[in-house]
There are 2 protein chains.
Amino acid sequence: MKAVGIVVEYNPFHNGHFYHVTQSKKITNADVVVAVMSGPFLQRGEPALVSKWHRTKMALRSGVDLVVELPYVFSTANAPLFAEGAIYLLGALQCDAFSFGSEDGILEPFLNTADLIETHFEEYNGLIKKFVSTGISYPQSLFYAYEQLKQKNGRVYLDLSKPNNILGYHYIVAAKKFNLPIEPVTIQRIQANYHDSIRETSTIASATGIRKEIFQKGHLEAIQPYVPDASYQELAEWRRQYSRFVDWEAFWPLLRYAIMRYRPENLKAFADVSEGIEYALIKHAKHSQTFSEFMSSIKSKRYTWTRLQRMLTHIFTGITKEELHQFKTPTYIRLLGMTERGQAYLSERKKSLELPMISRVGQVKDPMLEIDIRASDIYALGVEFFSDKKIDGDYKLPPIRF
Amino acid sequence: MKAVGIVVEYNPFHNGHFYHVTQSKKITNADVVVAVMSGPFLQRGEPALVSKWHRTKMALRSGVDLVVELPYVFSTANAPLFAEGAIYLLGALQCDAFSFGSEDGILEPFLNTADLIETHFEEYNGLIKKFVSTGISYPQSLFYAYEQLKQKNGRVYLDLSKPNNILGYHYIVAAKKFNLPIEPVTIQRIQANYHDSIRETSTIASATGIRKEIFQKGHLEAIQPYVPDASYQELAEWRRQYSRFVDWEAFWPLLRYAIMRYRPENLKAFADVSEGIEYALIKHAKHSQTFSEFMSSIKSKRYTWTRLQRMLTHIFTGITKEELHQFKTPTYIRLLGMTERGQAYLSERKKSLELPMISRVGQVKDPMLEIDIRASDIYALGVEFFSDKKIDGDYKLPPIRF
């Protein structure tokens, strides 16, 4: 059987995702679609709208055959590490191809850019340092260095100002780094841009737009045209059970308490907390009744929104820099769900997999997995906190079969 | 002016406390009563029913002239350290006498016991070690060693099985240790024992009994006969504002979250967490919906209720062993409130006080005070959490004048 791998968050699963799943399978002529999906905490430093189990069901009911969890260590990391964790898992699952969305749907610029930076690595780093030394922020320096490098010759390079292109670029780099026999494929994203809200003339909207709509309107009807029926049903089911969707506002009382328990110097145990932001975090946590009030107090040019939110994710879960930084690549494959076809694929490959496959967590002693368990427990506690409903033994559930 | 000092928690202020204040003043012929009062967290490892400001008002309206805060470091400590912190402050406030309650109201056994243990210190420690080595718990070994020492000669010694006698004994020892020119006085406690509940035939009930009554009955009327009017009014005022009184159940969702954020080994940063209890804390926090469920899961012969609750106090506030154990004696006098007479006393002594007097915290940089501020902030956050009402700038308030 032939497998195509994809890297997803499904927060929530929408029509654009459905198109990506269908096209990826078609173009690569694959028998199964394998998705590496982030658990409860996502790459932009946010908790997921609904549990990973609900998001797994959305995927399995919409064309994905196998869902495995991207460990917390990678799902909350910057683009390079996020990509390495995800691509490594797709390699470990012996995918023949991996497919990612891009602005233009053309692979060549990704390969060219990866090649350009690889072959001019020292020059590139020198340029970055030069820009940083003038006081320009690190992400901006990266961008300028790249713009300068691009002048090299007449080939077509990527537009790295688009978030989706950045991830795609790092997927390609990661596959090269691990020397994986896996063919990259890219599919053009249709219509909605990453930061777009819902447009009334299309049935495609970005996940960001859909989440905004859910929180602003407070009901699900408005997003029905933009998501597959399976996704709509899972969202509705979550709302029936837990009364609201998860965002930082819902977790704010707990996050606020977590911050206030610390002395400034001890907050530095968490990734990215440095340069005095620890004082601002504590001071403004004291005085902010809502998360948005808090964010507008601590936001400055120095820190991107994403960087701040990732910091807060780690403080919320209690996972320290020291814990995070001990890992390079995933140490297990955590199965969240599968269709019959996905199961058949696993049976075929099971014996030759190089990472242990984990279906139930029980007594497993793996430090990376312990972090995932803790993150899921804390997410579940947060949900219980606002809904007064228990998420039953999240980590004792067997994989979902569909 | 002559001052008598007392050591109190006033949780809440009741008729027995009123008797103690009045008698102490009378017997010592004092002009003012100076109380060293615990802040938001108490010696048995519990949060106070109501804020320290409400408790200060109860005291000032019932005969106390000056209320200063016993810093968190001492207010949550075991009996010897608690007593040292409190007596040191009474010494720093130049009290002429200090007065404590006891079962029999006779000072001699306190002096005899202090003398006995001082003069037989090595023998006493040897006995303790001997008992501990047979597997007997430390508190029990202390008791057996003392019982054996008491056989020495025909003098009258204390019954150290009574909690109030233990505190009194440590007050005497502390005054000796610091060589304070302060005269000890003891007053017989009337009727209610430490662990007694309310008795219908008396207007004296223990604070424990009064709290039990408040939480069981859910209204204040039942305790009206047992507390001065001022105390009743402050309690009623608190309830109007914050809808319920503080106990661990009220703080449980936050405490539970705080515990679950930790890896077992990191919980050992908190005082008394050792010998594997860290695993039990995390495991049972996950599964316990209430504090009482949690406590009955973790309670074992090895740990007294008080020791467990003190552990939990520190985890709740985030104050680590390392932070706690850097101090030997108070470094400031934190004024919570005063009557006119109290103010006159302070004016008289102000210039000769050996510790800085702190009326407003503002920009003070004292590591012990920072702990007090943090503990008060966390207590306030906990109250805001269940009541949705802010305790306004607890630490910005000036002392209460009455």
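Residues numbered from 1 in each chain as written. Chains lettered and ligands numbered in written order. Predicted model: local features only at pLDDT ≥ 70, side-chain atom pairs only at ≥ 80, totals over all residues. Heavy atoms only, no water.

Asks: What is the right way to read the packing of helix H18 (residues 367-387) of chain A against helix H11 (residues 248-260) of chain B from this model?
Replies: Two quantities define a packed helix pair, namely the angle between the helix axes and the distance between the axes. Contact geometry of H18(A) with H11(B) gives a least axis separation of 10 Å together with a crossing angle of 170°. Compared by their axis directions, H18(A) and H11(B) come out roughly antiparallel. On H11(B), the residues that touch Arg374(A), Asp377(A), Ile378(A), Leu381(A), Glu384(A) and Phe385(A) of H18(A) are Pro253(B), Arg256(B), Tyr257(B) and Met260(B). For the contact of H18(A) with H11(B), the per-class residue count stands at six nonpolar, no polar and four charged. (Axes fitted to C-alpha atoms, helices over the stretch in contact; angles between N-to-C directions. Helix = DSSP H or I, 4+ residues; strand = E, 2+ residues; numbered from the N terminus. Parallel < 35°, antiparallel > 145°, perpendicular 65-115°, else oblique. Contact = heavy atoms within 4.5 Å. Nonpolar A, V, L, I, M, F, W, Y, C, P; charged D, E, K, R; others polar.)

Asks: Explain the interface of chain A and chain B here, please?
Replies: Accessible area lost upon the coming together of the parts serves often as the stated size of an interface. In this complex, chain A contributes 29 residues to the contact, which on the side of chain B involves 29 residues. Between chain A and chain B lies a buried interface of about 2,500 Å² when both sides are counted; carbon and sulfur atoms form 51% of it. For the chain A face of the interface with chain B, the top three residues by lost area are Tyr257(A), Arg261(A) and Arg263(A), together amounting to 29%. One can count six salt bridges joining chain A with chain B. We note a salt bridge from Glu323(A) to Arg263(B), for which the minimum N-O separation is 3.4 Å. Counting residues per element, the ones that place at least two in the side of chain A that touches chain B are helix H11 (248-260), helix H13 (277-287), helix H15 (305-317), helix H16 (321-324) and H18 of chain A. (Buried area = accessible area lost by both parts, 1.4 Å probe. Salt bridge = Lys/Arg side-chain N within 4 Å of Asp/Glu carboxyl O.)

Asks: What am I meant to see in the nonpolar core here?
Replies: Soluble, globular proteins show a tendency: their nonpolar side chains are buried together. In terms of nonpolar packing, the biggest core is built from 270 residues, with Ile259(A), Leu281(A), Ile315(A), Ile259(B), Leu281(B) and Ile315(B) touching the most fellow members. Non-local contacts of Ile259(A), meaning those with residues more than four positions away in its chain, are made with Trp252(A), Leu267(A), Leu281(A), Ile282(A), Ala285(A), Phe294(A), Leu312(A) and Ile315(A). (Core = buried A, V, L, I, M, F, W, Y, C linked by side-chain atoms within 4.5 Å. Buried < 20%, exposed > 50% of the residue type's maximum accessible area, 1.4 Å probe, protein only.)

Asks: Would you take a moment to explain the pattern of salt bridges for this structure?
Replies: Inspection of every chain in the model, using the stated rule, returns 37 salt bridges over all chains. Lys286(A) is the salt-bridge partner of Asp377(B), the closest N and O atoms lying 2.6 Å from each other. Of this pair, Asp377(B) sits in helix H18 (residues 367-387) while Lys286(A) sits in helix H13, which puts the two residues in different chains. On the accessibility criterion, Asp377(B) (17% relative accessible area) is buried. Bridged by salt links that share partners, the residues Arg263(A), Glu265(A), Glu323(B) and Arg374(B) form one connected network.

Asks: Teacher, can you tell me more about the packing of H13(A) against helix H14 (residues 291-298) of chain A here?
Replies: All names here are of chain A. Here H13 crosses H14 at 145°, and the two axes come no closer than 9 Å. The chirality of how H13 crosses H14 is right-handed. Across the interface between the two elements, Ile-277, Ala-280, Leu-281, His-284, Ala-285 and His-287 from H13 touch Glu-293, Phe-294, Ser-297 and Ile-298 from H14. Among the residues forming the contact of H13 with H14, the class breakdown is six nonpolar, three polar and one charged. (Left-handed = near helix turned anticlockwise from the far one by under 90°.)

Asks: Explain the side chain of Ser102(A) to me, please; I cannot follow it from the model alone.
Replies: All names here are of chain A. Along the chain, Ser-102 turns up in strand S4 (residues 97-102). Looking at Ser-102, the relative accessible area reads 0%, which means it is buried. Each residue touching Ser-102, except ones within four places of it in the same chain, is listed here: Phe-110, Asn-165, Thr-186, Ile-187, Gln-188 and Arg-189.

Asks: Would you take a moment to explain H18(A) for this structure?
Replies: One full turn of an α-helix is made of 3.6 residues, so residues set three or four places apart face in the same direction. Residue and element names in this part refer to chain A. The first and last C-alpha atoms of H18 sit 30 Å apart over 21 residues, in line with the 30 Å expected at 1.5 Å per residue. In terms of burial, H18 is largely enclosed, as 17 of its 21 residues are buried. A distance of 2.8 Å separates the backbone nitrogen of Met-368 from a side-chain oxygen at the start of H18, and that oxygen is part of Asp-366. (Expected span 1.5 Å × (residues − 1). Polar contact = N/O pair within 3.5 Å; in protein donor to acceptor, adjacent residues only side chain to side chain.)

Asks: How should unusual backbone geometry be read in this particular structure?
Replies: Most of the time, phi is negative for any residue but glycine, and the peptide bond is trans. Residue Pro12(A) follows Asn11(A) across a cis peptide bond; omega there is 0°. Looking at where Pro12(A) falls in the secondary structure, it is placed in the loop between strand S1 (3-8) and helix H1 (15-28). The phi dihedral of Gln94(B) falls on the positive side, at around 60°, and the residue is not glycine. Assignment of secondary structure puts Gln94(B) in the loop between helix H4 (79-92) and strand S4 (97-102). According to the relative accessible area criterion, Gln94(B) is partly exposed, its value standing at 21%. A positive phi angle, close to 65°, is found at Ser243(B), a residue other than glycine.

Asks: Please explain the packing of aromatic side chains as it appears in this structure.
Replies: When we look at a pair of aromatic rings, we describe it by the centre distance and by the angle of the planes. Enumeration according to the criterion identifies 44 aromatic pairs over all chains in this entry. Ring geometry for Phe41(B) versus Tyr379(B): centroids 6.0 Å apart, planes at 85°, classification edge-to-face. Taken together, the residues span a long stretch of sequence, with Phe41(B) in the loop between strand S2 (32-38) and helix H2 (52-60) and Tyr379(B) in helix H18 at a distance of 338 residues. Summarising the burial analysis for this pair, Phe41(B) and Tyr379(B) share the class buried. Its end group placed over the ring of Phe386(A), Arg244(A) keeps NZ or CZ at 5.8 Å from the ring centre. Of note, Lys130(B) hangs over the ring of Phe131(B), and the distance from its end group to the ring centre comes to 5.1 Å. (Phe/Tyr/Trp six-rings, centres within 6.5 Å; stacked < 30°, edge-to-face > 60°. Lys NZ or Arg CZ within 6 Å of the ring centre and 35° of its normal.)

Asks: Explanation requested: the domain arrangement of chain A in the structure shown.
Replies: Residues and elements named next belong to chain A. Here chain A is described as being made up of domain 1 (3-103 + 186-239 + 327-401) and domain 2 (248-325). Inter-centroid distance (C-alpha atoms) of domain 1 to domain 2 is 26 Å. Counting residues at the interface gives 21 residues for domain 1, matched by 17 residues for domain 2. Of the roughly 1,800 Å² buried between domain 1 and domain 2 on both sides combined, carbon and sulfur atoms contribute 63%. When residues of domain 1 are sorted by the area they lose upon contact with domain 2, Tyr-72, Arg-374 and Phe-385 head the list and together hold 26% of the total. For the side of domain 1 that touches domain 2, the secondary structure elements donating two or more residues are helix H3 (72-75) and H18. A per-element tally of the side of domain 1 that touches domain 2 places H18 first, with nine residues. Considered class by class, the residues forming the side of domain 1 that touches domain 2 number 13 nonpolar, five polar and three charged. (Domains from an automatic or database assignment.)

Asks: What am I meant to see in the relation of the copies chain A and chain B here?
Replies: Note: a rotation about an axis with an accompanying shift along it relates these two copies of the chain. Once chain A has been moved 0.0 Å along the axis and rotated by 180°, it coincides with chain B to within an RMSD of 0.1 Å. Expressed as an axis order, the relation between the two copies is that of a two-fold axis. The residues that chain A uses at the interface reappear at the interface of chain B in 100% of cases, marking a shared surface. (Least-squares fit on C-alpha atoms with pLDDT ≥ 70 in both.)

Asks: Help me understand the side chain of Asp372(B) in this model?
Replies: Residues and elements named next belong to chain B. In this fold, Asp-372 is placed in helix H18. Although Asp-372 is buried, it forms no salt bridge, and the closest oppositely charged side chain is Arg-334 at an N-O distance of 6.2 Å. Within the structure, Asp-372 has its side chain in polar contact with the side chain of Tyr-332 (distance 2.5 Å). (Lys, Arg positive; Asp, Glu negative; His and termini not counted.)

Asks: Please clarify how the environment of Ser300(B) should be interpreted in this entry.
Replies: With respect to the helices, strands and loops of the structure, Ser300(B) is situated in the loop between helix H14 (291-298) and helix H15 (305-317). With 41 residues separating them along the chain, Ser300(B) and Ile259(B) place their C-alpha atoms 19 Å apart.

Asks: What should I look at first to understand the environment of Glu237(B) in this one?
Replies: Residues and elements named next belong to chain B. Of note, Glu-237 is situated in helix H10 (residues 229-242). Judged by its relative accessible area of 29%, Glu-237 is partly exposed. Taking the C-alpha atoms as reference points, Glu-237 and Lys-268, separated by 31 residues in sequence, lie 39 Å from one another.

Asks: Got a minute to help me understand the pairing of S4(B) in this structure?
Replies: Along a regular strand, successive side chains alternate from one face of the sheet to the other. Residues and elements named next belong to chain B. Of all six residues in S4, six are buried; the element is thus mostly enclosed. Because side chains alternate across S4, one face comprises the buried residues Ala-97, Ser-99 and Gly-101, and the other comprises Phe-98, Phe-100 and Ser-102, equally buried. For strand S1 (residues 3-8) and S4, the ladder comprises two bridges, and the chain directions are parallel. Opposite Gly-5, over in S4, you have Phe-98 as the bridge partner. (Pairing = 2+ DSSP bridges.)

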